[in-house]
Amino acid sequence: MISGSGGGKDGGTEFTAESLGPVLREACATTQLDPDGAELLRLGSNAVYRLSASPVIVRVARDPDALEEMERAVRVARWLEAEDLPATRVPAGVTQPLVVGGLVVTFWESVQEREEYATVGELADLLRRLHWLEEPESLRLPYFDPFAKLSASLRQMNSVPEDDRTFLEERAANLHKDYDRLDFVLPFGMIHGDASIGQRAPSPGRQRGAHRPRRLRSGAARVGSDPDRDVLRPVRLAHEG
């Protein structure tokens, strides 16, 4: 089943099911994976394929500037595996990310074939473990800026009256100043960019209905969503709201 569609940016590979087929085949050939029978799960801000010949998810980013972000996501996944935190893994022996036709391609172990949600308690347990980890500087995680995309979003609101746009811009500027004045008691630490029960998945290899250990889907391994990057910010914020 395909969810969403759309074209790519000017000058790059068009982002459609038809145009992405050669991208998938070339990426799989480079990594010695078999693309035959691959299922396109979603086509939106990313194209997400499930390979039939191996338990691998292939993710093609629509944004051609996503290379640095995907490099960081792969580093995070490998670090979490080294820390033995249950999280979506990258396949061993696969050099990635790849750039094919101007698009960034990454490969992830397939965790599940059907939607299954965790409980809030299960999610909280994994997030607690994640927050206790001390991330190495080599990950080069960015610091969280809640206003990073706001200015661009306001500029793109073409149908909004000028008075309303001015009000929103002034309100955003005031909120930014208030945020900068906040005094956080706890130090900065790594957080998950999209912590929800949909980001928990069962580990493979267990019988349906049996007790299953859970895995946390790391930033770029989330199937079919924009990666809300793994970032550093005051841990206190991670527990609010």
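Residues numbered from 1 in each chain as written. Predicted model: local features only at pLDDT ≥ 70, side-chain atom pairs only at ≥ 80, totals over all residues. Heavy atoms only, no water.

Mind showing me how you'd approach the overall build of the protein chain here?
Counting its secondary structure elements, the protein chain contains 6 helices and 9 strands. Contacts in the protein chain between residues at least 24 apart in sequence constitute 67% of all its contacts with a sequence separation of at least 6. Looking at the protein chain as shown, the accessible area adds up to about 13600 Å², and 49% of this sits on carbon and sulfur atoms. (Helix = DSSP H or I, 4+ residues; strand = E, 2+ residues; numbered from the N terminus. Contact = heavy atoms within 4.5 Å. Areas by Shrake-Rupley, 256 points an atom, 1.4 Å probe, with all protein chains shown as cover.)

Could you clarify how one ought to interpret the pairing of strand β3 (residues 56-61) in this entry?
Sheet faces and side chains relate simply in a regular strand, where the side chains alternate between the two faces. Of all 6 residues in β3, 6 are buried, a share of seventy percent or more. Alternating residues of β3 divide into Val 56, Val 58 and Val 60 and Ile 57, Arg 59 and Ala 61, and every residue in both groups is buried. In the sheet, strand β2 (residues 46-50) pairs with β3 via 5 bridges, with the strands oriented antiparallel. From the neighbouring strand, Tyr 49 faces β3, where its bridge partner is Val 58. Counting the residues between successive antiparallel strands, the hairpin from β2 to β3 contains 5 residues. (Buried < 20%, exposed > 50% of the residue type's maximum accessible area, 1.4 Å probe, protein only. Pairing = 2+ DSSP bridges.)

How should I be thinking about the packing of aromatic side chains in this particular structure?
By convention here, two paired aromatic rings are described through the distance between centres and the angle between planes. Overall, the coordinates contain 2 aromatic pairs when judged by the stated rule. Considering the side-chain rings of Phe 147 and Tyr 179, the 5.9 Å spacing of their centres and the 70° angle between planes classify their relative orientation as edge-to-face. You can see Phe 147 sitting in the loop between α3 (120-132) and α4 (150-155) and its partner Tyr 179 sitting in helix α5 (residues 162-180), a full 32 residues away along the chain. The residues Phe 147 and Tyr 179 share a single accessibility class, namely buried. Taken together, the ring pairs connect Phe 147, Tyr 179 and Phe 184 into an aromatic cluster. (Phe/Tyr/Trp six-rings, centres within 6.5 Å; stacked < 30°, edge-to-face > 60°.)

Help me understand the confidence of the model for the protein chain in this model?
Low pLDDT marks stretches whose predicted atomic positions should not be read closely. The predicted model of the protein chain averages 77 in pLDDT, with 72% of residues at 70 or higher. Between residues 1-7, whose pLDDT stays under 50, and residues either more than four places distant or in other chains, the model counts 20 contacts. Predicted confidence is poor over residues 203-213, with pLDDT under 50, and the contacts of this stretch with residues over four places away or in other chains come to 15 contacts. (pLDDT = per-residue confidence, 0-100.)

Can you walk me through unusual backbone geometry in this structure?
Peptide bonds are trans in most cases, and residues, glycine excluded, mostly fall at negative phi. The step from Gln 96 to Pro 97 runs through a cis peptide bond, and the omega angle for that step is 5°. Inspection of the secondary structure puts Pro 97 in the loop between α2 (67-82) and β4 (98-100). One non-glycine residue with positive phi stands out, namely Asp 84, at about 60°. Position of Asp 84 among the secondary structure elements: in the loop between α2 and β4. With a phi close to 50°, Arg 140 is a non-glycine residue in the positive phi region. Residue position: Arg 140 is located in the loop between α3 and α4.

Mind showing me how you'd approach the environment of Gly 102 here?
With respect to the element layout, Gly 102 can be found in the loop between β4 and β5 (103-109). Overall, the relative accessible area of 38% leaves Gly 102 in the partly exposed class. For the pair Gly 102 and Leu 67, spaced 35 residues apart in the sequence, the C-alpha separation amounts to 10.0 Å.

Can you walk me through the nonpolar core in this structure?
In summary, soluble globular proteins display a tendency toward joint burial of nonpolar side chains. Residues Leu 20, Ala 47, Tyr 49, Val 58, Val 60, Val 105 and Phe 107 are the most contacted members of the largest nonpolar core, which totals 21 residues. Per element, the largest residue contribution to this core is 5 residues, and it comes from helix α1 (residues 17-31). Once you skip the residues sitting within four places of it in the chain, Val 105 turns out to touch Val 23, Ala 27, Val 58, Arg 59, Val 60, Pro 97, Leu 98 and Val 100. (Core = buried A, V, L, I, M, F, W, Y, C linked by side-chain atoms within 4.5 Å.)

Help me understand the pairing of strand β1 (residues 39-43), please; the structure alone is not making it clear to me.
Pairing between β1 and β2: 4 bridges, direction antiparallel. In the sheet register, Leu 40 faces β2, and the bridge partner there is Tyr 49.

Which parts of the structure should I look at to understand the sheet that holds β1?
What holds strands together in a sheet is hydrogen bonding between their backbones, with the strands either parallel or antiparallel. Taking strand neighbours across the sheet as the criterion, the 5 strands line up as β1-β2-β3-β5-β4 in an open arrangement whose pairing is antiparallel. Looking along the sheet, the strands with just one partner apiece sit at the ends: β1 and β4. Shown here is a sheet whose adjacent strand axes are inclined to one another by a mean of 25°, direction ignored. Pairing between β4 and β5: 3 bridges, direction antiparallel. Pairing of Leu 98 across the sheet is with Val 105, part of β5. Packed onto the sheet, α2 meets β3, β4 and β5 and runs at close to 15° relative to β5. (Axes fitted to C-alpha atoms, helices over the stretch in contact; angles between N-to-C directions.)

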